[in-house]
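The lines below spell out each chain.
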Amino acid sequence: MAKMNFGGVVENVVTRDEFTVEKAREVLKNEVVAVIGYGIQGPGQALNLKDNGINVIVGQRAGKTFDKAVADGWVPGKTLFSIEEACEKATVIEFLLSDAAQIAQWPVVKKHLSAGKALYFSHGFGITFNDRTGIIPPKDVDVIMVAPKGSGTSVRRLFLQGRGINSSFAVYQDATGRALERTLALGIAIGSGYLFETDFKREVYSDLTGERGTLMGAIQGILSAQFEVLREHGHSPSEAFNETVEELTQSLMPLFAEKGMDWMYANCSTTAQRGALDWMGPFHDATKPVFEKLYNEVASGREAQRSIDSNSKPDYREGLERELKALRESELWRTGAAVRELRPENK
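A brief look at the structure comes next. (Residues numbered from 1 in each chain as written. Predicted model: local features only at pLDDT ≥ 70, side-chain atom pairs only at ≥ 80, totals over all residues. Heavy atoms only, no water.)

Turning to the overall build of the protein, a few remarks are in order. Looking only at helices and strands, one finds 17 helices and 10 strands in the protein. Against the 2.2 N^0.38 benchmark of 20 Å for 347 residues, the protein shows a C-alpha radius of gyration of 22 Å, consistent with a compact globule. In terms of its C-alpha atoms, the protein occupies a principal-axis envelope of roughly 65 × 50 × 45 Å. The contacts in the protein between residues at least 6 apart in sequence include a share of 67% that link residues at least 24 apart. When the accessible surface of the protein is split by element, carbon and sulfur atoms take 55% of a total near 18500 Å². (Helix = DSSP H or I, 4+ residues; strand = E, 2+ residues; numbered from the N terminus. Rg over C-alpha atoms; globule rule 2.2 N^0.38 Å. Contact = heavy atoms within 4.5 Å. Areas by Shrake-Rupley, 256 points an atom, 1.4 Å probe, with all protein chains shown as cover.)

The tally for this structure, following the rule as stated, stands at 21 salt bridges. Among the ionic pairs, Lys 111 bridges to Glu 84, the shortest N-O distance being 2.6 Å. Within this pair, whereas Lys 111 is found in helix H5 (residues 99-111), its partner Glu 84 is found in helix H4 (residues 83-89), the two being separated by 27 residues in sequence. On the basis of relative accessible area, Lys 111 is assigned to the exposed category, the value being 56%. Relative accessible area serves as the criterion here: at 32%, Glu 84 is assigned to the partly exposed category. Taking the shortest distance from any N to any O, the salt bridge between Lys 325 and Glu 329 comes out at 3.2 Å. Using a relative accessible area of 43% as the deciding quantity, one classes Glu 329 as partly exposed. (Salt bridge = Lys/Arg side-chain N within 4 Å of Asp/Glu carboxyl O. Buried < 20%, exposed > 50% of the residue type's maximum accessible area, 1.4 Å probe, protein only.)

Looking at where Gln 102 falls in the secondary structure, it is placed in helix H5. Reaching out from Gln 102, the side chain makes a polar contact with the backbone oxygen of Phe 95 at a distance of 2.9 Å. Gln 102 has contacts with Phe 95, Leu 97, Phe 121, Gly 126 and Ile 135, leaving out every residue within four places of it along the chain. (Polar contact = N/O pair within 3.5 Å; in protein donor to acceptor, adjacent residues only side chain to side chain.)

As a further point, take the packing of aromatic side chains. All told, the structure shown has 10 aromatic pairs when counted by the stated rule. Ring geometry for Phe 121 and Phe 200: centres 6.1 Å apart, planes at 80 degrees, overall edge-to-face. With Phe 121 in strand E7 (residues 118-121) and Phe 200 in helix H10 (residues 200-212), the pair connects residues that are 79 residues apart, well separated along the chain. You'll find Phe 121 and Phe 200 in the same group, each marked buried. The interplanar angle of 55 degrees and the centroid separation of 5.4 Å between the aromatic rings of Tyr 172 and Phe 200 together place this pair among those described as tilted. With Tyr 172 in strand E9 (residues 165-173) and Phe 200 in helix H10, the pair connects residues that are 28 residues apart, well separated along the chain. With relative accessibility at 3%, the residue Phe 200 sits in the buried group. By way of ring pairs, the aromatic residues Phe 95, Trp 106, Phe 121, Tyr 172 and Phe 200 are connected into one cluster. Positioned over the ring face of Trp 74 is Lys 50, at 4.4 Å from the centre of the ring. (Phe/Tyr/Trp six-rings, centres within 6.5 Å; stacked < 30°, edge-to-face > 60°. Lys NZ or Arg CZ within 6 Å of the ring centre and 35° of its normal.)

On to the packing of helix H11 (residues 217-232) against helix H17 (residues 331-342), then. The N-to-C vectors of H11 and H17 enclose an angle of 90 degrees; their axes lie 10 Å apart at closest approach. By the criterion of interaxial angle, the relationship of H11 to H17 is roughly perpendicular. For the pair H11 and H17, contact is made by Gln 220, Leu 223, Ser 224, Phe 227 and Arg 231 and by Glu 331, Leu 332, Trp 333 and Thr 335, respectively. (Axes fitted to C-alpha atoms, helices over the stretch in contact; angles between N-to-C directions. Parallel < 35°, antiparallel > 145°, perpendicular 65-115°, else oblique.)

The structure is reproduced here in structure tokens:
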């Protein structure tokens, strides 16, 4: 494991130069990896494992998602099974169902966690909040995690591009003495470009804060606020959208992802530099208390309980669709749909 300096803090990092795909195949050569759940993370991880030569099967309930797995090339009775049958066949169970579905399916999975197997997560939720989820693994299995820092779609897309998503990894329970090497092998085999060390609690605290913060919740709130101010002051929808979203996502984000924000500041107009430097402080001061409140809600378990309660309701899907419909039909994102049609690559 290499040591790397991140802004003055030394952390453990594993790259696929150090832990190669060939080494991952050797570690996993006698394993049967069952990907349980073919929803968000499942397809990307399962397909990447298969393409990397790992013995992988999929466990999924009957329905549209099962049909999607069939369409992706998984064969019922050979590489695609019910959740229970896949768990029975597996030596490594990748538990990739949604948090609410993990709670519901835990009795089925637990029944097949015989000694020496590995229980793998891509999110620390079920284990960290096990007083609420009831997910308490037996002591004679490895409990491990590889958490890609992006959607399952990104896991697959970056793999096909010959790149790799960055992922965190953790070992919660080492029953076999092989938990770490299993974790690293799986992390590389699912397509990670590099792996950085964490633990289950830190992963879920940072993940829930990030999802509700700059990754999705905060960014939507900030975008809609700026768009509304511009519209209320007489700017057209297209102008407001281009200045709020299009320039950010299509021009600036790729640049500061590649070069860093300092480079971005150094390579914009002097007017933009001065304004950005002057206004980043007020935005920081206005939003930090919100982030602090958010983190405290996550750390207390209240945010987890709200998710469990909401996602377990029988009419959850209907309520979710109503909320997404309202978002989709807002002026901001109806404008976005029109702007995307104008991009040359979409013509």
